[in-house]
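Chain and residue survey
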Amino acid sequence: MGEIFIVGCGYRKGHLTLEGAEMLCSGRRVILHTERCECADWLREKGIVFSSLDELYEQQDDFDAHARAAAEAIKQAAENEDIVYGVFDLRDLSVAELKGAHLIPGVPAEAALIAKANGMAVTVSASDWPEFQLRASCDALIREMDSRELASEVKLKLMEVYPEETVVSVRMPNGGIATTALYNLDRLKDYDHRTCAYVPGVKALDKLERYDFLHLIEIMKRLLDPDGCPWDREQTHQSLRQYMLEEAYEAGGAIDDDDPDHLYDELGDLLFQVAFHAELGRRHGEFDISDVTTAICEKMIRRHSHVFGNDQVVSTDDVNSLWMKNKMAERCENKVSDSLRDVTASMPAEMRASKVLNRASRALAYKESVEAARQDLIALAESADDEKSVGDLLLCAIALARACKIDSEVALNGAVARLIERFAKLEDEGNEAAPETAWRLVKLS
């Protein structure tokens, strides 16, 4: 078995390093990934015989398949002799498939743009645009933007992060550097595998057009700094409690209104409360936002053991039972009553009652019939005359709602809204009935 030497040939003759040139002239068999490069011209000028893998381009459907096929061809060629494999750049996908090869790096196509980078920069291949993980505060170097169509996809992906007016520097196929606005990235004169783009990061928060979760954390830190917002700096977990609840209810209202624009706005308010508590926790040495995200991610992985583990489910009921089982296990709860006690008493009573009933029925695999719940409600209504019996009656009403597959919170809110409208109608009609009579009319109308 021969050895494999991989040379980064660069995109122009002048990009060949001394070490790379010596390896190409070493007398070993030379195979180029493609002969559509200036390295092929250099080899011809030197009288060095070589072959290429160009024919593989026509035989494969995508880049990954082509990379695997190219690597396999090099491995087969190296069975009986040493091979010098020439590629534009060592980041070529086929190189990753050739484990144990000797690597001789060359000059990357974006080398002329690297000097423009200010601080941290992310370098990505244009063909990987669906998986770009970019931040507006970081510079980005996009390489191998070999077509107008690919440039268009890259542009749209970049504009999800960077302002569309951002001035981008582009290394053109002829080696020159052009500048253009980001929105114009797919309207340049020419593109090929040597085309690279440099996008400068945007550090000023007020200059951005799109924001991500880390920007929210950054804003929160700024608000709590000594020269930030005096009101924010006075807040504690306890003082913010009411706002967390209010924002949650307002998000619920947006859901009830079926208003997506209102919903994302209210979800933002709710997310701000999460960021606020997390930053307060960090400043007091209690926890930080990574503890928050780690806790929820670990919890979701544990409880979805049918997705991330080996448990099997067939129905939604199976999922609910498995969820309860996993939840009780992680909290070391051995009895259903432990799980029921775990429902916080700080919830509104109706919400807490519904949650307790849900957990109890799931754990016991019990489904109450509508008729049985209705009969219990009638029986309790006949004797309800004190706090305990009225409480049992209310709990039974919530059980009836569950049996009917009705959200008791939504149902009660709907009833309250109807009462208000009926009362308003009575007033508009000039009804002068006694208060008790008016109330009776409202109830029965």
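You'll find the structure just up there.
Residues numbered from 1 in each chain as written. Predicted model: local features only at pLDDT ≥ 70, side-chain atom pairs only at ≥ 80, totals over all residues. Heavy atoms only, no water.

Attention now goes to the overall build of the protein chain. Along the protein chain, the regular secondary structure elements total 19 helices and 10 strands. In terms of C-alpha radius of gyration, the protein chain reaches 34 Å, well past the compact-globule figure of 22 Å for 445 residues. For the protein chain, the C-alpha atoms occupy an extent of roughly 110 × 50 × 45 Å along the three principal directions. Looking at the protein chain residue by residue over its 445 residues, the buried ones come to 33%. Sequence separation of at least 24 residues holds for 56% of the intrachain contacts in the protein chain that already meet a minimum separation of 6. For the protein chain, the accessible area works out to roughly 26,400 Å², and carbon and sulfur atoms hold 53% of it. Within the protein chain, one finds 52 positive and 82 negative side-chain charges whose respective centroids are separated by 3 Å. (Helix = DSSP H or I, 4+ residues; strand = E, 2+ residues; numbered from the N terminus. Rg over C-alpha atoms; globule rule 2.2 N^0.38 Å. Buried < 20%, exposed > 50% of the residue type's maximum accessible area, 1.4 Å probe, protein only. Contact = heavy atoms within 4.5 Å. Areas by Shrake-Rupley, 256 points an atom, 1.4 Å probe, with all protein chains shown as cover. Lys, Arg positive; Asp, Glu negative; His and termini not counted. Charge placed at Lys NZ, Arg CZ, Asp CG, Glu CD.)

We now examine the sheet that holds strand β6 (residues 121–125). The strand order β6-β7-β10-β8-β9 describes an open sheet built from 5 strands, whose pairing is mixed. Edge positions in the open sheet fall to β6 and β9 (177–181), since each of these has one partner strand only. For this sheet, the mean inter-axis angle between neighbouring strands, taken without regard to orientation, is 20 degrees. Summarising the sheet, strand β8 (residues 167–171) and β9 pair through 5 bridges and their orientation is antiparallel. (Pairing = 2+ DSSP bridges. Axes fitted to C-alpha atoms, helices over the stretch in contact; angles between N-to-C directions.)

Here the focus is the side chain of Ser 354. Mapped onto the secondary structure, Ser 354 falls in helix α15 (residues 349–364). By relative accessible area, which is 17% here, Ser 354 ends up buried. Dropping the residues within four chain positions of it, Ser 354 is found in contact with Ile 398, Arg 402 and Ser 408.

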